[in-house]
Amino acid sequence: MSEVNRQWILKDRPTDLVGPEHFEWKEGEVPEPGDGEVLIRTLYFSFDPTQRGWLHTEASYVPPVQIGEPMRAGAIGQVVKSKNPEFSEGDYIQGTLSWQDYVVTDGSGPFPLQKLSTDYPLTYNMSVFGLTSLTAYFGLLEVGEMKEGDVVLISGAAGATGSAAGQIAKNKGAKQIVGIAGGAEKCKWLVEEGGFDAAIDYKSDDIAAKIAELCPEGVDVYFDNVGGPSLDAALLNLAMGARVVVCGGISSGYSGWAVPEGPKNYMQLILKAAKMEGFLVLNYMDKLPQAIADLGAWHQAGTFKVPEHLVEGLEHAPETLQGLFTGKNIGKAILKVTDSNV
Ligand SMILES: NC(=O)c1ccc[n+]([C@@H]2O[C@H](COP(=O)([O-])OP(=O)(O)OC[C@H]3O[C@@H](n4cnc5c(N)ncnc54)[C@H](OP(=O)(O)O)[C@@H]3O)[C@@H](O)[C@H]2O)c1
(Lines give C-alpha, C1' and ligand atoms only; values in the text may rest on other atoms or scores of the structure.)
Protein backbone atom coordinates (compact mmCIF):
# COMPACT_ATOMS: atom_id res chain seq x y z
CA MET A 1 0.00 0.00 0.00
CA SER A 2 1.29 3.46 -0.92
CA GLU A 3 2.22 5.47 2.17
CA VAL A 4 0.83 8.75 0.88
CA ASN A 5 -2.55 9.75 -0.42
CA ARG A 6 -2.16 11.73 -3.64
CA GLN A 7 -5.11 13.99 -4.48
CA TRP A 8 -6.37 16.41 -7.10
CA ILE A 9 -8.22 19.22 -5.28
CA LEU A 10 -10.59 21.67 -7.00
CA LYS A 11 -8.76 25.01 -6.84
CA ASP A 12 -10.82 27.28 -9.13
CA ARG A 13 -14.12 26.93 -10.94
CA PRO A 14 -13.59 26.95 -14.70
CA THR A 15 -15.66 29.45 -16.66
CA ASP A 16 -14.91 27.82 -20.00
CA LEU A 17 -12.75 24.79 -20.88
CA VAL A 18 -11.79 22.79 -17.78
CA GLY A 19 -8.07 22.00 -17.44
CA PRO A 20 -5.14 21.31 -15.12
CA GLU A 21 -5.05 24.96 -13.99
CA HIS A 22 -8.31 24.41 -12.07
CA PHE A 23 -6.88 21.69 -9.84
CA GLU A 24 -4.12 21.47 -7.24
CA TRP A 25 -1.98 18.37 -6.55
CA LYS A 26 -1.69 17.53 -2.84
CA GLU A 27 -0.11 14.68 -0.92
CA GLY A 28 -1.28 13.73 2.55
CA GLU A 29 -1.74 10.85 4.95
CA VAL A 30 -3.84 7.83 4.14
CA PRO A 31 -7.14 8.30 6.04
CA GLU A 32 -8.53 5.79 8.55
CA PRO A 33 -12.10 4.48 8.27
CA GLY A 34 -14.46 5.07 11.21
CA ASP A 35 -17.32 2.84 12.33
CA GLY A 36 -19.56 1.92 9.38
CA GLU A 37 -16.93 3.07 6.89
CA VAL A 38 -14.49 1.48 4.45
CA LEU A 39 -11.09 2.59 3.17
CA ILE A 40 -10.86 2.13 -0.59
CA ARG A 41 -7.78 2.18 -2.75
CA THR A 42 -8.82 3.60 -6.11
CA LEU A 43 -7.80 1.69 -9.24
CA TYR A 44 -9.62 3.27 -12.20
CA PHE A 45 -11.42 6.55 -12.79
CA SER A 46 -14.15 7.11 -15.36
CA PHE A 47 -14.20 10.37 -17.32
CA ASP A 48 -17.64 11.74 -18.06
CA PRO A 49 -18.78 15.07 -19.55
CA THR A 50 -21.23 15.43 -16.65
CA GLN A 51 -18.23 16.06 -14.34
CA ARG A 52 -17.93 19.49 -15.98
CA GLY A 53 -21.46 20.21 -14.73
CA TRP A 54 -20.44 19.32 -11.17
CA LEU A 55 -18.02 22.28 -11.26
CA HIS A 56 -20.80 24.89 -11.53
CA THR A 57 -21.89 26.65 -8.35
CA GLU A 58 -25.49 25.46 -8.92
CA ALA A 59 -26.57 21.97 -7.89
CA SER A 60 -27.83 19.70 -10.67
CA TYR A 61 -28.86 16.12 -9.95
CA VAL A 62 -25.97 16.12 -7.43
CA PRO A 63 -24.48 18.99 -5.37
CA PRO A 64 -21.53 20.90 -6.86
CA VAL A 65 -17.97 19.88 -6.00
CA GLN A 66 -16.72 22.48 -3.51
CA ILE A 67 -13.45 24.40 -3.81
CA GLY A 68 -10.89 22.57 -1.65
CA GLU A 69 -12.51 19.15 -2.17
CA PRO A 70 -10.98 16.32 -4.22
CA MET A 71 -12.62 16.16 -7.68
CA ARG A 72 -15.58 13.79 -7.75
CA ALA A 73 -15.45 10.93 -10.28
CA GLY A 74 -16.89 7.55 -11.06
CA ALA A 75 -14.36 4.98 -9.84
CA ILE A 76 -13.45 1.34 -9.43
CA GLY A 77 -11.43 0.43 -6.35
CA GLN A 78 -10.60 -2.22 -3.80
CA VAL A 79 -11.53 -2.25 -0.14
CA VAL A 80 -8.32 -2.24 1.93
CA LYS A 81 -9.89 -1.79 5.40
CA SER A 82 -13.49 -2.30 6.39
CA LYS A 83 -15.49 -1.29 9.43
CA ASN A 84 -18.72 -1.77 7.49
CA PRO A 85 -20.31 -5.25 7.67
CA GLU A 86 -21.46 -5.04 4.05
CA PHE A 87 -17.90 -4.92 2.67
CA SER A 88 -14.83 -7.05 3.29
CA GLU A 89 -11.17 -6.40 2.73
CA GLY A 90 -10.33 -7.32 -0.87
CA ASP A 91 -13.77 -6.61 -2.34
CA TYR A 92 -13.69 -4.83 -5.67
CA ILE A 93 -16.24 -2.02 -5.77
CA GLN A 94 -17.59 0.67 -8.07
CA GLY A 95 -19.01 3.99 -6.96
CA THR A 96 -18.74 7.75 -7.13
CA LEU A 97 -15.48 8.53 -5.34
CA SER A 98 -12.88 11.24 -6.01
CA TRP A 99 -9.48 11.83 -7.61
CA GLN A 100 -7.22 10.43 -4.88
CA ASP A 101 -5.42 7.19 -4.06
CA TYR A 102 -7.51 6.44 -0.99
CA VAL A 103 -11.11 7.32 -0.14
CA VAL A 104 -13.02 6.73 3.09
CA THR A 105 -16.76 6.31 2.62
CA ASP A 106 -19.77 4.69 4.30
CA GLY A 107 -20.89 3.55 0.84
CA SER A 108 -24.20 5.45 0.84
CA GLY A 109 -25.21 8.49 -1.24
CA PRO A 110 -26.92 9.01 -4.59
CA PHE A 111 -24.69 6.34 -6.17
CA PRO A 112 -24.16 3.71 -3.44
CA LEU A 113 -21.06 1.51 -3.59
CA GLN A 114 -21.58 -1.72 -5.49
CA LYS A 115 -19.50 -4.88 -5.28
CA LEU A 116 -18.06 -6.01 -8.60
CA SER A 117 -17.78 -9.42 -10.15
CA THR A 118 -14.30 -10.61 -11.06
CA ASP A 119 -15.61 -12.77 -13.93
CA TYR A 120 -14.41 -10.23 -16.50
CA PRO A 121 -11.89 -7.38 -16.59
CA LEU A 122 -12.69 -4.69 -14.02
CA THR A 123 -12.71 -1.93 -16.65
CA TYR A 124 -15.65 -3.58 -18.42
CA ASN A 125 -17.75 -2.08 -15.63
CA MET A 126 -16.94 1.31 -17.18
CA SER A 127 -16.79 0.32 -20.85
CA VAL A 128 -18.80 -2.68 -22.07
CA PHE A 129 -21.28 -2.65 -19.15
CA GLY A 130 -20.66 0.95 -18.10
CA LEU A 131 -23.11 3.80 -17.74
CA THR A 132 -22.34 5.04 -21.25
CA SER A 133 -23.34 1.69 -22.82
CA LEU A 134 -26.52 1.73 -20.74
CA THR A 135 -27.18 5.31 -21.84
CA ALA A 136 -26.84 4.23 -25.46
CA TYR A 137 -29.08 1.20 -24.89
CA PHE A 138 -31.95 2.97 -23.12
CA GLY A 139 -31.64 6.12 -25.23
CA LEU A 140 -31.78 4.28 -28.51
CA LEU A 141 -34.30 1.56 -27.66
CA GLU A 142 -36.58 3.12 -25.03
CA VAL A 143 -36.50 6.83 -25.93
CA GLY A 144 -35.70 6.47 -29.63
CA GLU A 145 -37.93 3.38 -30.01
CA MET A 146 -35.49 2.13 -32.63
CA LYS A 147 -36.78 -0.79 -34.66
CA GLU A 148 -35.49 -3.09 -37.36
CA GLY A 149 -35.04 -1.34 -40.71
CA ASP A 150 -34.58 2.15 -39.23
CA VAL A 151 -32.04 4.65 -40.54
CA VAL A 152 -30.06 5.76 -37.47
CA LEU A 153 -27.87 8.85 -37.21
CA ILE A 154 -25.61 9.32 -34.18
CA SER A 155 -23.48 12.34 -33.18
CA GLY A 156 -20.48 12.06 -30.87
CA ALA A 157 -20.28 8.73 -32.65
CA ALA A 158 -16.68 7.81 -31.83
CA GLY A 159 -17.12 8.45 -28.09
CA ALA A 160 -18.18 5.96 -25.43
CA THR A 161 -21.94 6.49 -25.74
CA GLY A 162 -21.97 7.09 -29.49
CA SER A 163 -19.86 4.08 -30.41
CA ALA A 164 -22.05 1.88 -28.19
CA ALA A 165 -25.22 3.31 -29.76
CA GLY A 166 -23.94 2.47 -33.25
CA GLN A 167 -23.30 -1.15 -32.35
CA ILE A 168 -26.60 -1.53 -30.51
CA ALA A 169 -28.38 -0.19 -33.61
CA LYS A 170 -26.56 -2.79 -35.71
CA ASN A 171 -27.44 -5.61 -33.32
CA LYS A 172 -31.08 -4.50 -33.44
CA GLY A 173 -31.21 -4.60 -37.25
CA ALA A 174 -30.94 -0.95 -38.30
CA LYS A 175 -30.97 -0.54 -42.08
CA GLN A 176 -28.25 2.10 -42.07
CA ILE A 177 -26.10 3.64 -39.32
CA VAL A 178 -24.35 6.94 -39.90
CA GLY A 179 -22.00 8.54 -37.38
CA ILE A 180 -20.98 12.18 -36.96
CA ALA A 181 -17.55 12.80 -35.40
CA GLY A 182 -14.71 15.30 -35.44
CA GLY A 183 -11.83 14.67 -37.83
CA ALA A 184 -10.74 12.23 -40.53
CA GLU A 185 -9.13 9.75 -38.11
CA LYS A 186 -12.33 9.27 -36.11
CA CYS A 187 -14.45 9.04 -39.27
CA LYS A 188 -12.12 6.36 -40.65
CA TRP A 189 -12.37 4.47 -37.34
CA LEU A 190 -16.18 4.63 -37.38
CA VAL A 191 -16.41 2.88 -40.74
CA GLU A 192 -13.43 0.53 -40.52
CA GLU A 193 -13.75 -0.56 -36.88
CA GLY A 194 -16.83 0.96 -35.26
CA GLY A 195 -19.40 -0.84 -37.43
CA PHE A 196 -20.92 2.33 -38.93
CA ASP A 197 -21.98 2.33 -42.58
CA ALA A 198 -20.82 5.90 -43.19
CA ALA A 199 -19.34 8.83 -41.31
CA ILE A 200 -19.65 12.61 -41.42
CA ASP A 201 -16.85 14.89 -40.23
CA TYR A 202 -18.60 17.81 -38.55
CA LYS A 203 -15.35 19.78 -38.63
CA SER A 204 -15.01 19.75 -42.41
CA ASP A 205 -18.25 18.49 -44.04
CA ASP A 206 -21.46 20.41 -44.71
CA ILE A 207 -23.33 18.30 -42.16
CA ALA A 208 -26.88 18.84 -43.49
CA ALA A 209 -25.88 18.25 -47.12
CA LYS A 210 -23.98 15.11 -46.20
CA ILE A 211 -26.87 13.65 -44.19
CA ALA A 212 -29.19 14.36 -47.15
CA GLU A 213 -26.77 12.61 -49.51
CA LEU A 214 -26.27 9.56 -47.26
CA CYS A 215 -29.87 9.23 -46.03
CA PRO A 216 -32.08 10.31 -48.96
CA GLU A 217 -35.22 8.90 -47.34
CA GLY A 218 -34.56 10.68 -44.06
CA VAL A 219 -33.39 9.70 -40.60
CA ASP A 220 -35.72 7.61 -38.43
CA VAL A 221 -33.74 7.95 -35.19
CA TYR A 222 -31.27 10.72 -34.45
CA PHE A 223 -29.28 9.98 -31.27
CA ASP A 224 -27.79 13.32 -30.30
CA ASN A 225 -24.81 13.61 -27.98
CA VAL A 226 -23.72 17.09 -29.01
CA GLY A 227 -26.52 19.57 -29.83
CA GLY A 228 -25.61 22.74 -31.78
CA PRO A 229 -25.07 22.63 -35.55
CA SER A 230 -25.27 18.82 -35.79
CA LEU A 231 -28.73 18.84 -34.19
CA ASP A 232 -29.94 21.55 -36.56
CA ALA A 233 -28.58 19.65 -39.55
CA ALA A 234 -30.26 16.42 -38.39
CA LEU A 235 -33.61 18.18 -37.89
CA LEU A 236 -33.53 19.20 -41.56
CA ASN A 237 -33.24 15.55 -42.57
CA LEU A 238 -35.85 13.69 -40.52
CA ALA A 239 -38.07 10.95 -41.92
CA MET A 240 -41.80 11.06 -41.18
CA GLY A 241 -42.43 9.96 -37.58
CA ALA A 242 -38.74 10.33 -36.62
CA ARG A 243 -37.49 10.25 -33.04
CA VAL A 244 -34.78 12.66 -31.87
CA VAL A 245 -33.08 11.40 -28.71
CA VAL A 246 -31.55 14.24 -26.69
CA CYS A 247 -28.76 12.44 -24.84
CA GLY A 248 -26.27 15.29 -24.45
CA GLY A 249 -25.19 18.69 -25.71
CA ILE A 250 -21.42 18.62 -25.37
CA SER A 251 -20.93 21.20 -28.16
CA SER A 252 -21.97 23.76 -25.51
CA GLY A 253 -18.85 22.77 -23.54
CA TYR A 254 -21.17 22.45 -20.49
CA SER A 255 -19.52 25.66 -19.34
CA GLY A 256 -22.70 27.10 -17.82
CA TRP A 257 -26.36 26.29 -17.43
CA ALA A 258 -27.23 29.30 -19.59
CA VAL A 259 -26.28 27.17 -22.59
CA PRO A 260 -26.51 28.16 -26.24
CA GLU A 261 -29.61 29.04 -28.18
CA GLY A 262 -31.92 26.17 -28.97
CA PRO A 263 -32.26 24.44 -32.33
CA LYS A 264 -33.38 26.74 -35.13
CA ASN A 265 -34.99 23.98 -37.17
CA TYR A 266 -37.39 22.64 -34.55
CA MET A 267 -40.41 23.36 -36.78
CA GLN A 268 -39.33 20.24 -38.68
CA LEU A 269 -40.70 18.27 -35.74
CA ILE A 270 -44.17 19.40 -36.79
CA LEU A 271 -43.68 18.86 -40.50
CA LYS A 272 -42.32 15.34 -39.94
CA ALA A 273 -44.69 14.49 -37.07
CA ALA A 274 -41.53 13.75 -35.14
CA LYS A 275 -40.72 13.76 -31.44
CA MET A 276 -37.68 15.02 -29.58
CA GLU A 277 -37.12 13.79 -26.04
CA GLY A 278 -34.45 14.12 -23.40
CA PHE A 279 -33.74 11.44 -20.81
CA LEU A 280 -31.59 10.51 -17.83
CA VAL A 281 -30.11 7.03 -17.86
CA LEU A 282 -30.57 6.76 -14.09
CA ASN A 283 -34.35 6.70 -14.62
CA TYR A 284 -34.13 3.35 -16.43
CA MET A 285 -32.42 1.27 -13.76
CA ASP A 286 -35.48 -0.93 -13.28
CA LYS A 287 -34.69 -2.31 -16.76
CA LEU A 288 -31.01 -2.90 -15.99
CA PRO A 289 -31.13 -6.75 -16.01
CA GLN A 290 -32.42 -6.88 -19.60
CA ALA A 291 -29.85 -4.32 -20.76
CA ILE A 292 -26.95 -6.21 -19.14
CA ALA A 293 -28.21 -9.50 -20.58
CA ASP A 294 -28.38 -8.05 -24.11
CA LEU A 295 -25.02 -6.25 -23.92
CA GLY A 296 -23.41 -9.38 -22.47
CA ALA A 297 -24.86 -11.63 -25.19
CA TRP A 298 -23.72 -9.28 -27.96
CA HIS A 299 -20.30 -8.96 -26.36
CA GLN A 300 -19.99 -12.75 -26.20
CA ALA A 301 -21.00 -12.96 -29.84
CA GLY A 302 -18.34 -10.40 -30.76
CA THR A 303 -20.87 -7.84 -32.00
CA PHE A 304 -20.52 -5.36 -29.13
CA LYS A 305 -17.11 -3.99 -28.16
CA VAL A 306 -16.30 -0.74 -26.44
CA PRO A 307 -12.77 0.54 -27.08
CA GLU A 308 -11.03 1.82 -23.95
CA HIS A 309 -9.06 5.05 -24.18
CA LEU A 310 -6.80 4.15 -21.26
CA VAL A 311 -4.58 6.80 -19.67
CA GLU A 312 -2.07 5.73 -16.98
CA GLY A 313 -1.23 7.76 -13.87
CA LEU A 314 -3.29 9.85 -11.47
CA GLU A 315 -1.19 12.87 -12.43
CA HIS A 316 -2.95 12.94 -15.81
CA ALA A 317 -6.52 13.19 -14.46
CA PRO A 318 -7.21 16.90 -15.20
CA GLU A 319 -5.94 16.73 -18.78
CA THR A 320 -7.93 13.54 -19.37
CA LEU A 321 -11.12 15.32 -18.29
CA GLN A 322 -10.23 18.20 -20.60
CA GLY A 323 -9.69 15.69 -23.43
CA LEU A 324 -13.42 14.86 -23.52
CA PHE A 325 -14.07 18.44 -24.59
CA THR A 326 -11.24 18.55 -27.12
CA GLY A 327 -12.01 15.15 -28.63
CA LYS A 328 -8.94 13.15 -27.51
CA ASN A 329 -10.81 9.87 -26.96
CA ILE A 330 -12.13 7.08 -29.14
CA GLY A 331 -14.42 4.97 -26.95
CA LYS A 332 -14.52 5.13 -23.17
CA ALA A 333 -12.01 7.42 -21.42
CA ILE A 334 -10.60 5.64 -18.34
CA LEU A 335 -7.59 6.42 -16.15
CA LYS A 336 -5.59 3.72 -14.40
CA VAL A 337 -4.46 5.24 -11.12
CA THR A 338 -1.12 3.44 -10.73
CA ASP A 339 0.86 0.85 -12.68
CA SER A 340 -0.41 -2.04 -10.53
CA ASN A 341 -1.46 -5.34 -12.13
CA VAL A 342 -5.18 -4.95 -11.46
N1 LIG B 1 -28.63 11.56 -20.81
C2 LIG B 1 -27.86 10.82 -20.02
O3 LIG B 1 -28.31 10.17 -19.06
C4 LIG B 1 -26.40 10.76 -20.31
C5 LIG B 1 -25.56 9.83 -19.63
C6 LIG B 1 -24.19 9.77 -19.98
C7 LIG B 1 -23.70 10.65 -20.95
N8 LIG B 1 -24.55 11.56 -21.54
C9 LIG B 1 -24.08 12.45 -22.59
O10 LIG B 1 -23.62 11.66 -23.66
C11 LIG B 1 -22.65 12.38 -24.40
C12 LIG B 1 -21.42 11.50 -24.61
O13 LIG B 1 -20.81 11.24 -23.35
P14 LIG B 1 -19.60 10.22 -23.24
O15 LIG B 1 -19.33 10.01 -21.79
O16 LIG B 1 -19.87 9.05 -24.09
O17 LIG B 1 -18.40 11.06 -23.81
P18 LIG B 1 -17.56 10.75 -25.13
O19 LIG B 1 -18.53 10.81 -26.27
O20 LIG B 1 -16.77 9.52 -24.94
O21 LIG B 1 -16.54 11.96 -25.20
C22 LIG B 1 -16.95 13.24 -25.52
C23 LIG B 1 -16.84 13.47 -27.05
O24 LIG B 1 -17.57 14.66 -27.37
C25 LIG B 1 -17.11 15.16 -28.57
N26 LIG B 1 -17.10 16.63 -28.53
C27 LIG B 1 -16.40 17.43 -27.69
N28 LIG B 1 -16.65 18.73 -27.99
C29 LIG B 1 -17.50 18.72 -29.05
C30 LIG B 1 -18.11 19.75 -29.83
N31 LIG B 1 -17.89 21.05 -29.59
N32 LIG B 1 -18.94 19.39 -30.84
C33 LIG B 1 -19.18 18.09 -31.11
N34 LIG B 1 -18.62 17.07 -30.42
C35 LIG B 1 -17.81 17.38 -29.40
C36 LIG B 1 -15.67 14.65 -28.75
O37 LIG B 1 -15.62 13.88 -29.93
P38 LIG B 1 -15.24 14.55 -31.35
O39 LIG B 1 -13.76 14.39 -31.49
O40 LIG B 1 -16.05 13.79 -32.32
O41 LIG B 1 -15.61 16.01 -31.28
C42 LIG B 1 -15.43 13.78 -27.52
O43 LIG B 1 -14.68 12.63 -27.80
C44 LIG B 1 -22.36 13.65 -23.60
O45 LIG B 1 -23.09 14.71 -24.17
C46 LIG B 1 -22.87 13.32 -22.23
O47 LIG B 1 -23.23 14.48 -21.52
C48 LIG B 1 -25.87 11.62 -21.23
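Predicted, not measured: the structure shown is a model, and the values here were computed from it.

Cut-offs applied
Residues numbered from 1 in each chain as written. Predicted model: local features only at pLDDT ≥ 70, side-chain atom pairs only at ≥ 80, totals over all residues. Helix = DSSP H or I, 4+ residues; strand = E, 2+ residues; numbered from the N terminus. Rg over C-alpha atoms; globule rule 2.2 N^0.38 Å. Buried ≥ 20, exposed ≤ 12 C-beta atoms within 10 Å, placed from the backbone. Contact = placed C-beta atoms within 7 Å. Near = placed C-beta within 6 Å. Domains from an automatic or database assignment. Pairing = 2+ DSSP bridges. Axes fitted to C-alpha atoms, helices over the stretch in contact; angles between N-to-C directions. Right-handed = clockwise from strand over helix to strand, strands pointing away. Core = buried A, V, L, I, M, F, W, Y, C linked by C-beta atoms within 7 Å. Parallel < 35°, antiparallel > 145°, perpendicular 65-115°, else oblique. Left-handed = near helix turned anticlockwise from the far one by under 90°.

A.B. asks: Got a sec to walk through the overall build of the chain? Specific residues and values, please.
C.D. replies: Helix and strand content of the chain: 9 helices and 15 strands. In terms of C-alpha radius of gyration, the chain reaches 20 Å, essentially the compact-globule figure of 20 Å for 342 residues. Across the 342 residues of the chain, 43% fall into the buried class. Excluding contacts between residues fewer than 6 apart, the proportion of contacts in the chain whose partners are at least 24 apart in sequence is 66%.

A.B. asks: I'd love a proper account of the site of the ligand, names of residues and values included.
C.D. replies: Taken together, 29 residues lie around the ligand, and Gly-159, Thr-161, Gly-182, Gly-248 and Gly-327 are the ones closest in. Mapped onto the shell around the ligand, the elements with two or more residues apiece are helix 2 (131-143), helix 3 (160-171) and helix 9 (317-326). Among the domains, domain 1 (4-127 + 307-336) and domain 2 (131-301) are the pair contributing at least three residues each to the shell around the ligand.

A.B. asks: Now, about the sheet that holds strand 10 (residues 198-201): what can you tell me, with residues and values included?
C.D. replies: Across the sheet, 6 strands lie side by side as 10-9-8-11-12-13; this open sheet has parallel pairing. What marks the edges here is a single partner per strand, and that holds for strand 10 and strand 13 (275-278). Between one strand and the next, the sheet's axes are offset by a mean angle of 15°, whatever the strand orientation. Sheet analysis places strand 12 (residues 238-246) next to strand 13, joined by 4 bridges and oriented parallel. Counterpart to Val-245 in the pairing with strand 13 is Glu-277.

A.B. asks: Explain the pairing of strand 12 to me, using residue names and the numbers behind them.
C.D. replies: Remember that side chains alternate between the two faces of the sheet whenever the strand is regular. With 5 bridges joining them, strand 11 (residues 219-224) and strand 12 adopt parallel strand pairing. Residue pairing across strands places Phe-223 opposite Val-245, the latter belonging to strand 12. In this fold, the crossover linking strand 11 to strand 12 by way of helix 6 (residues 228-235) has right-handed handedness.

A.B. asks: So what about the nonpolar core? Which residues, and what values?
C.D. replies: Generally speaking, soluble globular proteins have nonpolar side chains that are buried together. Among the nonpolar cores identified, the biggest contains 57 residues, and Leu-140, Val-152 and Val-219 are the most heavily contacted of them. Excluding residues that lie within four positions of it along the chain, Leu-140 makes contacts with Met-146, Ala-165, Ile-168, Ala-169, Val-221, Phe-223 and Val-245. Within the second largest apolar cluster, 34 residues are counted, among which are Leu-10, Ile-40, Val-311 and Leu-335.

A.B. asks: Provide a residue-level description of the domain arrangement of the chain, including the pertinent values.
C.D. replies: Taken domain by domain, the chain comprises domain 1 (4-127 + 307-336) and domain 2 (131-301). Computed over C-alpha atoms, the centres of domain 1 and domain 2 are 28 Å apart.

A.B. asks: Describe the packing of helix 2 against helix 3, naming the residues involved and giving the relevant values.
C.D. replies: To describe two helices that pack against each other, one gives the angle between their axes and the distance between the axes. Contact geometry for helix 2 and helix 3: axes closest at 8 Å, N-to-C directions at 50°. Classified by the angle their axes make, helix 2 and helix 3 are oblique. Relative to helix 3, helix 2 is oriented so that their crossing is right-handed. On helix 3, the residues that touch Thr-132, Ser-133, Thr-135, Ala-136, Tyr-137, Gly-139 and Leu-140 of helix 2 are Ala-160, Thr-161, Ala-164, Ala-165, Ile-168 and Ala-169.

A.B. asks: Describe in detail helix 2, supporting the description with residues and values.
C.D. replies: The buried count for helix 2 comes to 12 of 13 residues, which makes it a mostly enclosed element. Among the residues of helix 2, those classed as buried are Leu-131, Thr-132, Ser-133, Leu-134, Thr-135, Ala-136, Tyr-137, Phe-138, Gly-139, Leu-140, Leu-141 and Val-143. Of the surrounding secondary structure, the elements contacted by the buried residues of helix 2 are helix 3, strand 11, strand 12, strand 13, helix 8 (288-301) and strand 15 (332-336). Glu-145 lies just past helix 2 and shows a positive phi near 45°.

A.B. asks: Talk me through unusual backbone geometry; I want residue IDs and the actual numbers.
C.D. replies: Positive phi is not limited to glycine here, since Glu-145 has a value of about 45°. Checked against the element boundaries, Glu-145 lands in the loop between helix 2 and strand 8 (151-155). Although it is not a glycine, Tyr-254 adopts a positive phi angle of roughly 50°. Turning to its location among the elements, Tyr-254 is positioned in the loop between strand 12 and helix 7 (268-271).

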